[in-house]
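A structural walkthrough
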Amino acid sequence: MIPHTAPSALTVSAMTRRFDVSAPWLNRVIERKPRLFVRAVDDVSFEVPKGGCLSLVGESGCGKSTVARLVTGLYAPSEGSIAFAPGPDGRPLSVQMIFQDPYASLNPRWRVFDIIAEPLRELKLRETEVEIADRVAELLKTVGLTASDGRKFPHEFSGGQRQRISIARALASEPDFLVCDEPTSALDVSVQAQILNLMRRLQDEMGLTYLFISHDMSVVRHMSDQIAVMYLGRIVEQAPTEVLFAHPRHPYTQLLLETIPNVTAPRRDREPQAGEVPSPLKPPSGCTFHPRCPQSDSRCSAERPEMTTMPDGSRVACHRVEEMMARMA
Ligand SMILES: Nc1ncnc2c1ncn2[C@@H]1O[C@H](COP(=O)(O)OP(=O)(O)OP(=O)(O)O)[C@@H](O)[C@H]1O
Ligand SMILES: [Mg+2]
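Residues numbered from 1 in each chain as written. Chains lettered and ligands numbered in written order. Predicted model: local features only at pLDDT ≥ 70, side-chain atom pairs only at ≥ 80, totals over all residues. Heavy atoms only, no water.

**As for the packing of helix α6 (residues 159–172) against helix α7 (residues 189–206)**
Two numbers describe a pair of packed helices, the interaxial angle and the distance between the axes. It is the contact of α6 with α7, at a shortest axis distance of 10 Å, that shows an interaxial angle of 20°. When the axes of α6 and α7 are compared, the pair comes out roughly parallel. For the crossing formed where α6 meets α7, the hand is right-handed. Listed contacts from α7 to G160, Q163, R164, I167 and L171 of α6 are V191, Q194, I195, L198, M199, L202 and M206. (Axes fitted to C-alpha atoms, helices over the stretch in contact; angles between N-to-C directions. Helix = DSSP H or I, 4+ residues; strand = E, 2+ residues; numbered from the N terminus. Parallel < 35°, antiparallel > 145°, perpendicular 65-115°, else oblique. Left-handed = near helix turned anticlockwise from the far one by under 90°. Contact = heavy atoms within 4.5 Å.)

Given below as structure tokens:
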């Protein structure tokens, strides 16, 4: 467990990303339509301590992958800043990304050996072909495959094995920081657990820092030191993992936790997820969660709540949080 006083590897401040989703210019002119923007990420701030794991959770469309793409530089922020701490020897931190669909991110025409050797050659991390072959064999073993698997093509592997190959490829460039966007969501539950365990072991052995993304609360519980819950582009609650599970403060976090499959409570006893996620093109006024919130009052539809920090380290953006806490005490 990483204390949150550890120096931060990544500091994201007031980061916003808008996308222009307007109709083409001519249609706008003819049909007198205004320009249209979606705020995929809206004023998001967080830190990831060195060697720690921060997870982002939330329903589809809340902006998780956009945060991942902003952090890895695939998108530029519209506002705000993203700062990585310098690496151990003063060089910039090296960041790699692992995606949900390993098949789409592995070149199907290349043998696994060449897929993993590419970053070694590209970054000149090994000199000779013998050194490259040794390193590829070592990486394959690290992720639970064998050196002879290097001769095969990606389609010859199962989904879980393919994700192991993507991890080996990511590790080849000796990263300090991994951004993992739903790395196990396409896998069966038992295979998911194997890949998550592998990722945890690699984190301990190599001192990696993770920004981990999932829509699944039971997956992030297994992985994270800290969890940030996103709703319509904003972080609504962030807390150390045990604190979030023991005392979920935001009504949206409570809703997400109620939907975790629970072996002791049969499926039908669980409440269905209340309401639909509103369109990010027309977010509700005030607290954007208010139309779905069982606790909302007139203030919630009028004013956007500020983030407040609780004594146990959780941060919550909710007008009703103090009243609800007082009622529970
Ligand atoms: N390149 C883009 N152009 C226009 N809109 C985009 C773009 N990328 C994302 N969006 C919009 O931004 C919002 C957030 O999308 P994002 O992919 O980050 O969500 P997500 O939380 O990763 O969802 P999922 O769980 O389904 O992967 C969505 O409304 C999406 O339609
Ligand atoms: Mg996504």
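There is more to say, and it comes next.
**A closer look at the sheet that holds strand β1 (residues 8–20)**
Strand order in the open sheet formed by three strands is β2-β1-β4, and the pairing between neighbours is antiparallel. Every interior strand has two partners, whereas the edge strands, β2 (37–49) and β4 (79–84), have only one. Across the sheet, the mean angle separating the axes of adjacent strands is 15° when strand polarity is ignored. In this sheet, β2 lies alongside β1 in antiparallel orientation, the contact comprising nine bridges. Paired with D20 across the two strands is F37, which belongs to β2. Where helix α2 (residues 64–71) meets the sheet, it contacts β1, β2 and β4, and its direction lies at approximately 115° from that of β1. (Pairing = 2+ DSSP bridges.)

**Considerations on the UniProt feature "domain: ABC transporter" (unreviewed entry) in the protein**
Residues given the UniProt feature "domain: ABC transporter" (unreviewed entry) here are residues 16–257. Summarising residues 16–257: 40% helix, 23% strand, and an end-to-end C-alpha distance of 27 Å. (UniProt positions renumbered as here; feature names shortened; annotations may be inferred.)

**What about the site of ligand 1?**
In the region of ligand 1, 15 residues are neighbours, and S60, G61, K64, S65 and T66 sit closest. Between G61 and ligand 1, the recorded distance is 2.8 Å, taken from a backbone N or O atom to an oxygen atom. Between ligand 1 and the protein, one listed contact pairs an oxygen atom with a side-chain N or O atom of T66 at 2.5 Å. Look at ligand 1: alone it shows 640 Å² of surface, and the protein chains cover 66% of it. For the shell around ligand 1, the elements supplying multiple residues, two or more each, are β2 and α2. Of the residues forming the shell around ligand 1, the biggest block, three residues, is contributed by α2. Among the residues forming the shell around ligand 1, the class breakdown is seven nonpolar, five polar and three charged. (Near = heavy atom within 4 Å. Polar contact = N/O pair within 3.5 Å; in protein donor to acceptor, adjacent residues only side chain to side chain. Areas by Shrake-Rupley, 256 points an atom, 1.4 Å probe, with all protein chains shown as cover. Nonpolar A, V, L, I, M, F, W, Y, C, P; charged D, E, K, R; others polar.)

**A look at the sheet that holds strand β6 (residues 177–181)**
Taking strand neighbours across the sheet as the criterion, the eight strands line up as β5-β6-β7-β3-β8-β9-β11-β10 in an open arrangement whose pairing is mixed. Here the strands that pair on one side only, and so sit at the sheet edges, are β5 (95–98) and β10 (308–309). Relative to strand β11 (residues 315–316), β10 runs antiparallel, the two being bridged by two bridges. Paired with T309 across the bridge in β11 is R315. Packed on one face of the sheet, helix α10 (residues 251–258) meets β3 (53–57), β8 (226–231) and β9 (234–240) and runs near 105° to β8.

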